[in-house]
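# Coordinates in review
One-letter residues, chain by chain:
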Amino acid sequence: MMQIDDPLDPLSQQIDDDDNAAIESDSSKVDEEEESPLLLALDDLESRLVTALNEFKSHSGRASTPAVSNIHDELASILRPVVEVASHAGPATARALASTYPHMLNLDLCVDEIYTRVNSDLVLPVVLESAQSDIVPAKRAASLALFHTLHVEWQKAGSYLDGTTNAPSLAGPYGPGITSGGAISNPPFNALEASRRSQIRAARKAELLRRWVQSAIPNLAPGTFTSATLDASAAGRGVLSASAALKPCLRYMAERIGSADDAGALRLFLPVMRMIEGVLGRLFLERARGGNNMNELEQGSKGGAAAGDSLRASCVKFLEIVVLCFSNRALPGMVAGSQAALRMQKRETTNANDFSLEDLPPGHPIITREGLEEIGEYCFSTLRGLVLLGGQAAIDPNLLLAAAASSSVGSDFMGGSSPFTQILDILKPAALAFLKVESAAEKAGAESGDKGSIILDRSSIELDFGLSQKSYSLSINAVQMLATKRPLFFKDSSTCLARRTIDPPGGAAGGPEGSLTKAAVTGIRVHLRSSCLTLLRHFLSVTSGCWEVLANALTQSGMQAQADRALIASRQQLDLMKGGRAARNRAAIFYTWDTSADNSRAAKRQRDTDDAEATVRAAKMARGLGSGIQLPTSMVDACELVLLNLENLPPKRPPVAASTQRKHPMDLDFVMDAVITNGASLSIDENHWYDRDGGDAWMMEEGELGEDGRRALTFTMNSKVLDAAEKSAQGADKLGDSEKAFVEQSKLAASRAFSRVLMSSSNARSGAVADFGKQLAARLAWTLKGVKPSNDIENAHAMAVEATENSLRKGAASEETLAGSLEFALDYPLVSSCLAFDLVPKGPTVPLRDDAGSSNSASFVSSLSMRILNEAYVCSFNENKENYEKCLDVFVSSVVNACDLSNKTPHDSEKKRIANTAASSLPQQLAAMPSVTGTALNLVGSLCDIDEISKKASAKSSKQTIAESAALHAAKAAAEKRATAALLILRDVAFQRDAMRGPAVDCAVAIASGRLPGSPPIEDKALKLVMNVIFPKNSDCADKVVESATKELELAARYSIDNYEKIVKANEASSKKKDKPRNAAKAALLPQSDEEKIALDRVRKPVVLFMALCVRRPEIIKAIMEMSCREGADVLAKAVKTNMPKLTKAASVKHGAANIALRVSDMASERETPLLLSLLDNLAPSTDKSLPSQELIDACHEIQKNRLDADGKTSSRYIIPIVSGMKRDELVHKIPEFVRGSDDIFKASLRRMAEKLGRYVLIFRDEPDPAESTLRGMSSCEQMVYLHHLDFHAVGIPQKRYLDSIRLCLEDDEVFNDRVVQAALDHMSGKFLEGESLPLAYMRTIILTCSKHESLHSWICHVLLPRLVEGNVYTDKRQWEGWMRCAKMLENTRDHGVSSLEAIQKLPEEQLKMYRAKYPQK
């Protein structure tokens, strides 16, 4: 078998799908071609998508918990994985594959393949189909919203339409979304590649937008749902989707036209026009299409009114967007190049979501500015009409019918007309209806003599529909917004709002009007006045001359004061626009700081500011420079402050502490120390002698000048320091205060020095320097026992201790060993700090370089932990030999703890990086270590405990964002890789270290059997690693695997026995609550209670593992049978029986069914007979259409002969599994054996005889060749016939048992139903007419049938009894007595429509008199 070499390969090369599959022979060829990582990744992504989409498609459309969340939130949470995979996980997976397999996979190839299979072939078509044709409106709405979400998410960093990255080569899905190009290096990028990626990006954007538009169009068609409420709800969602899609589509079309791709722009333009037509049709053509459906909704139920109002409000908002996009942004009355115009246009175009006709390049033959502008103008006129009239003026019915006839949502505009024609056919009548009313009102106003006024006779104006408060407010907002965003509409908008403000809804009294309540009328009136005030405050009110009509409207509404202030503000704003930069700057300061119009206060404010600054400076000078003043950032200000404070210096230096004075004068050395230490010497603690005067411990004396011109130097130690060092080294019982202080400060000095060495080595740029520093730190760490780490590395020590404590809590089996390791970590703090030093976050580090300047210096630097372990191993030869093992346990515990921290905090990228690095390097580190311990291997196995992070990633919550969900899935994938690396470590140890092979196999088997915690995928990998990799390696590995699996099975047996009484009580309590199952055989293998279910899950995995080994080594079947048949191990026995089909299937393929049956029979004792019978029963499964082989039949007969009971008799139990393959003649001779057996044996034999003859259940088959018996098995009909013809006296069966066997058959309704009994009785009666005698129990069976099967009464009365009379049944006294009794039972059942009177009357005269003599007629 192949070995596992790649820790990222999920063991797929060595693993068969069937855990119990037989080992391939040596001559078989092993497929060495690895499956493409891209295909594996695609399968994973598609499985996640299919799961989410299937759940969405099968959703009922009703909220499961309405009190917690509504249906839309629930559906959005279901589709969240779809958004995550389609937007972020797909590109991230492509980048990861390209970086992991650079020689195999190309980034562009990965991105294109994933996008095609995930988005183009799966997500977009499925969501589009759901949005167009789903019968649940809520699911349609969720699908429509998903397109908008995808459009937003695709534009985020690292997705398909990413526009946040500055680096061109990293834009889109090809980079991680870095906004700054200097953050990472840009890969090579040529113009050809840029053009290709740009084209692909445009194609993907077009595909998304086109499907988005296509999803909205069917929802806009009338009659989508038969219910008017549901139809309006779906249409409203379609209008909202169209509103969101319009601007992106127009912007894309502008890009295509600018790129000279007219055809590409037109392909999207036509669906967009159909979409606009659909929205306008739902607003204006409802009366012509179906009798004003929205008005009917509003007059109906509350829900229908809400749906109709929402639809109309959505359409009004859509009109606003259409006008905004199909109009110009230019200011009227201004020169195009003027400064004010440029400033205004620059301010207006800052919003990237805005679109106007200026953004549409000219030159397209169909998509022209003129055509779009015409649509925008008509839409604006319609909006003005809605505001001024409170609804849509009545349109000529003939025009409506013509527009409805020409409107065909979904057509391709291929009838020769322009795409604008059908839209204008709808808009023109609506706009002209209002313009006609407006023209008449203006004419009436002019005739009245009031300039600019209008006179509307609202009682004479007919409306197609009126606006509710919601849609009315949206109309007012739309007109106001268009006035400010599109200045060319300012005058008309202002006039419209002013006229409506003068003549508001509700009249002078403000009462209800139409469908508007009084409260709604009040709100609309306030809204109109506020809109007029907003427009009056705008500078365009002055330039356009609209201020008069706006001010007049506000004055008539009682807001003259507010109007005056607004007019002043607008004029000031216009003056500032016309003024220069200085005037605008002054205006800005004035606006920021001043709240009144009194300019005289500005000077006072300036003086106050100057006075405050002078006060602050004076206060600083009074305090002096020695009190820690924060100097200004400006060098000029800082120098000025220093010079001003020179005269305020105190006569003496302020003391550092109350009782301590500095001993070092402020001389040149003091300044140099400060410069060299980067200011660290200024914070010296005077209480530390090594900081204060540590150098004074050594004194140097110069001798006289010698002949060679050199002076002799003598070094002596300070006597006080020397005495303290000697006393502390001798371990004197009583140390003085000075000696204690010396010992403590020596440890502190050593700790800080060690910390500096360690930190310097980690920050060194040179690999040689870093390696030397780590070597020095490793030596010092073991030397400085008991020295606590400094603050710089204290986190590493805390992590090592915490990791060991966590391992101690988890590992109950190694509690004593890990307790010693924890004590070791506390005794050697610096050693434990070094072991965990690389596993704690430390911020950015500098790259290592070798002497040649190359940054690839991995070979120059050894791991610090490896240095520590090597030192421990060397020292273990001379002193404490356990230190190495304890040190190794602490190191592995730290790695495991780092991985656990990464699983708990999936959003912490630094912890994730540390965990991945540590886990990936752990196999190489353990391989290089001189020895490995069993405790360390168990700790390595705990890396497989990733069930918690797996559950978090699989859980669905509406509160999770897409980023959180993606982080959880990434953390799960990283955890699975680390767990796979742990399995590889166990494999390597088992293969390379003979002494530790047993513990390594024990750990792997414990993970596979579920005793050591692990997620289900990792347990499967461990099982396949054990069976397909370690076991076939060599005989010793195979023996170790069997030994470990036997231990696990033994533990499972003990667990089953220990929980026996608890399970029995739970099963008894559960059986009282449940009905008796119909199929007792199948129900016997199912858990009867929750406690038994838990126990079965616990013992199932060891059983499956051991059974897989039994296929390889059949002789160990004895062990599993012996353990399963122990007293109290019922749960284990049930688990064995449940999984017996797997064992028999694989074993029969590898060794032959007959061979396995005989070998197990020889091994099984009498107590193990139930498992032997289960094995035989599964060797010939009832679900298999093929018959048992003759070899198996012969083997079962041999087993029956060899396994005699206590009385020396054979048992028919052993041949029951193969009776379906025996010849019928043989089964006829075996029936007495089955009848002699117990009721269970008898019924089981009958079932197995007929299990292959389902189609012949009602037929008594005849032999094709009477001279040769070829029929196999025995149908149910044949069983009844042969059972009746059984000569029980000849075979020594009591008559009572014979009759009971027939009764058992009749009571089994599932097998021997009324049709089977009828077929058997009919066959025997037919043979009776041919001259055969009736069986002894024949009439008794008929009588029992009459009592049990009322459905056969008619047949018995009209067919069977007359047939028996025809065959002279009265000649047999016994049968004649039974006939009369049966006839009597059915004679008086005429009320039920059946009676045997007809059969009685067919009796001969003598027999009729005999019958009437015994049973007189009533």
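My aim in this report is to walk through the structure given alongside it, one point at a time. These figures come from a predicted structure and were not determined experimentally.

### Looking at the overall build of the protein chain
- Assigned secondary structure in the protein chain consists of 60 helices and four strands.
- Here the protein chain holds 1418 residues, and 47% of them are scored as buried.
- By sequence separation, contacts in the protein chain at least 24 residues apart represent 71% of the contacts at least 6 residues apart.
- With the model as given, the accessible surface of the protein chain reaches about 69800 Å², and the carbon-plus-sulfur share is 52%.

### Topic: the packing of helix H43 (residues 1090-1112) against helix H45 (residues 1130-1138)
- H45 packs onto H43 with a crossing angle of 55° between their chain directions and a minimal axis gap of 8 Å. Viewed along their axes, H43 and H45 adopt a mutual orientation that is oblique. Between H43 and H45 lies a crossing whose hand is right-handed. Judged by residue contacts, Glu1092, Ala1095, Leu1096, Val1099, Val1103 and Met1107 of H43 engage Val1131, Leu1132, Lys1134, Ala1135 and Val1136 from H45.
- Taken together, the residues of the contact of H43 with H45 sort by class into nine nonpolar, no polar and two charged.

### Quick look at helix H54 (residues 1295-1307)
- The end-to-end C-alpha distance of H54, which contains 13 residues, comes to 18 Å, matching closely the 18 Å that a straight helix rising 1.5 Å per residue would cover.
- Of all the residues in H54, the buried ones are Arg1297, Tyr1298, Leu1299, Asp1300, Ser1301, Ile1302, Leu1304, Cys1305 and Leu1306.
- Close packing links the buried residues of H54 with helix H50 (1224-1236), helix H51 (1239-1249), helix H52 (1276-1284), helix H53 (1288-1291), helix H55 (1314-1329) and helix H56 (1338-1348).

### Considering the environment of isoleucine 1302
- Following the sequence through the fold, isoleucine 1302 ends up in helix H54.
- Since its relative accessible area comes to 0%, isoleucine 1302 is described here as buried.
- Spatially, the C-alpha atom of isoleucine 1302 lies 9.7 Å from that of valine 1235, the residues being 67 residues apart in sequence.
- Among residues more than four places away in sequence, those in contact with isoleucine 1302 are Leu1283, His1284, Ala1337 and Thr1341.

### Digging into the pattern of salt bridges
- Applying the stated criterion to the full structure yields 58 salt bridges.
- Of the charged contacts in the structure, one is a salt bridge between glutamate 438 and arginine 499, with a shortest N-O distance of 3.5 Å. One end of the pair, glutamate 438, is in helix H14 (residues 419-447); the other, arginine 499, is in helix H16 (residues 490-502), with 61 residues separating them in the sequence.
- Residue glutamate 438 is classed as buried on the basis of its relative accessible area of 11%.
- With its nearest N and O atoms 3.7 Å apart, the salt bridge here joins lysine 1327 to glutamate 1330.
- Among the residues examined, lysine 1327 registers a relative accessible area of 28% and is labelled partly exposed.
- Residues participating in the shared-partner salt-bridge network are Asp108, Asp112, Arg196, Arg197 and Arg204.

### So, the nonpolar core
- Among the nonpolar cores identified, the biggest contains 207 residues, and Ile1120, Ile1342, Ile1356, Leu1364 and Trp1379 are the most heavily contacted of them.
- Of all the elements, H43 adds the most residues to this core, at 12 residues.
- With residues near it in sequence (within four places) discarded, isoleucine 1120 still touches Leu1049, Val1103, Phe1106, Met1107, Cys1110, Val1136 and Leu1171.

The rules behind each value
- Residues numbered from 1 in each chain as written.
- Predicted model: local features only at pLDDT ≥ 70, side-chain atom pairs only at ≥ 80, totals over all residues.
- Heavy atoms only, no water.
- Helix = DSSP H or I, 4+ residues; strand = E, 2+ residues; numbered from the N terminus.
- Buried < 20%, exposed > 50% of the residue type's maximum accessible area, 1.4 Å probe, protein only.
- Contact = heavy atoms within 4.5 Å.
- Areas by Shrake-Rupley, 256 points an atom, 1.4 Å probe, with all protein chains shown as cover.
- Axes fitted to C-alpha atoms, helices over the stretch in contact; angles between N-to-C directions.
- Parallel < 35°, antiparallel > 145°, perpendicular 65-115°, else oblique.
- Left-handed = near helix turned anticlockwise from the far one by under 90°.
- Nonpolar A, V, L, I, M, F, W, Y, C, P; charged D, E, K, R; others polar.
- Expected span 1.5 Å × (residues − 1).
- Salt bridge = Lys/Arg side-chain N within 4 Å of Asp/Glu carboxyl O.
- Core = buried A, V, L, I, M, F, W, Y, C linked by side-chain atoms within 4.5 Å.

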